[in-house]
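Coordinate inspection notes
Spelled out from the first residue to the last, the chains are:
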Amino acid sequence: MARRTKRRNQPVRLQPHEIEKMRVVGRFAAGLLAQVEGLIKPGISTEEIDRFVDAETRKRGAISAPLGYPKGSAHPFPKHCCTSINHIVCHGIPSANDVLREGDIVNVDVTPIIDGYYGDTSRTFCVGAVDPEVQRLVDDTYEAMRIGIAQVKPGGHVGDIGHAIQRFAEGRGHGVVRQFAGHGIGTIFHGPPTISHVGRRGEGELFEPGMTFTVEPMINLGDWRCQILADHWTVVTVDGSLSAQFEHTVTVTEDGVEVLTLAEGATFDLNSDSA
Ligand code: MF3
Ligand code: CO
Ligand code: CO
């Protein structure tokens, strides 16, 4: 998620030939997560997940955007993907010391670059059987993302996304993270507009065809507040409650929205009312 930017630039808007490039990288990113799903079991470390993501990305001739991001920073991200276990909200750093255990949840967030275009997507996986309240959090978080994406159409506003997500997730008793948000994406990783996951209907930028951004709600079983650890990256819930996240990269079409980070042959159901 992009740290909230105070700059007010023009939203990322892409041409049709660029959207086709986003479909290509988006398809690859989604395929990567589908393969990662097969690795998720008790005993695997997040370092092993990272090595797999790195290897598959190289094999495709693609680049992992997280590695060394942001360029020139004093504390660039050191790995190829983010792996966020349990109370880690986002930006968890893969490590050989972090071994998945039965009952954990883990978000894996990948962002390959192909031909200069970025595809950003993440999913939260359950490790074996998880407690029913944890499964409910994960299912509700997917639903929050879906509801947010379903708001996107020309004539609507960015605030419609946050409004719908907040209303749903808080209605289910969860906290919606405010410190991190979705972001414009295309030939840059994080650009305008900021896509807050809380907000008011009708506020913010107007959706226009070609606007391309992520929707990536982070939903907590407890309070929405979070903090960054001393490693400069890992974001945790302040109250220690579990946090889940799903992310897609989407683009505004003439009459609605297209999800770009879909695996080959996959479809995205805008209208389903369950995860
Ligand atoms: N993929 C994250 C997002 O959804 C950003 C990760 S930045 C990194 O925006 F440096 F940690 F990779
Ligand atoms: Co993102
Ligand atoms: Co991401």
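Check the entry above for the structure.
All of the points below concern the structure found in this document.

Rules and cut-offs
- Residues numbered from 1 in each chain as written.
- Chains lettered and ligands numbered in written order.
- Predicted model: local features only at pLDDT ≥ 70, side-chain atom pairs only at ≥ 80, totals over all residues.
- Heavy atoms only, no water.
- Donors = N, O, S within 2.8 Å, 3.2 Å for Na, K, Ca; no water.
- Tetrahedral: all angles 85-135°; square planar, octahedral: opposite > 155°, others 65-115°.
- Helix = DSSP H or I, 4+ residues; strand = E, 2+ residues; numbered from the N terminus.
- Buried < 20%, exposed > 50% of the residue type's maximum accessible area, 1.4 Å probe, protein only.
- Axes fitted to C-alpha atoms, helices over the stretch in contact; angles between N-to-C directions.
- Parallel < 35°, antiparallel > 145°, perpendicular 65-115°, else oblique.
- Left-handed = near helix turned anticlockwise from the far one by under 90°.
- Contact = heavy atoms within 4.5 Å.
- Nonpolar A, V, L, I, M, F, W, Y, C, P; charged D, E, K, R; others polar.

**Quick notes on the coordination of the cobalt ion (ligand 3)**
The coordination sphere of the cobalt ion (ligand 3) contains the protein donors D109 (OD), D109 (OD), D120 (OD) and E247 (OE), at a distance range of 2.0 to 2.3 Å. Here the cobalt ion (ligand 3) binds six donor atoms, and the angle range of 59 to 167 degrees at the metal identifies the geometry as irregular. Donor residues binding the cobalt ion (ligand 3) come from one chain and are separated in sequence as D-x10-D-x126-E. The distance between the cobalt ion (ligand 3) and the cobalt ion (ligand 2) is 3.3 Å, with D120 acting as a donor to both metals. Taken together, the residues span a long stretch of sequence, with D109 in strand β5 (residues 105–110) and D120 in the loop between β7 (117–118) and β8 (121–126) at a distance of 11 residues. On the basis of relative accessible area, D109 is assigned to the buried category, the value being 7%.

**Topic: the environment of G175**
Along the chain, the position of G175 falls in strand β9 (residues 175–176). The buried category is assigned to G175, whose relative accessible area is 7%. Along the sequence, G175 and A62 sit 113 residues apart, while their C-alpha atoms lie 36 Å from each other.

**Digging into the packing of helix α1 (residues 16–37) against helix α2 (residues 46–59)**
In the contact formed by α1 and α2, the axes pass within 11 Å of each other and the chain directions differ by 140 degrees. The pairing of α1 with α2 is recorded here as oblique in orientation. Every pair of crossing elements has a handedness; the one defined by α1 and α2 is right-handed. On α2, the residues touching F28, L32, Q35 and V36 of α1 are I49, F52, V53, E56 and T57. Of the residues in the contact of α1 with α2, the class split is six nonpolar, two polar and one charged.

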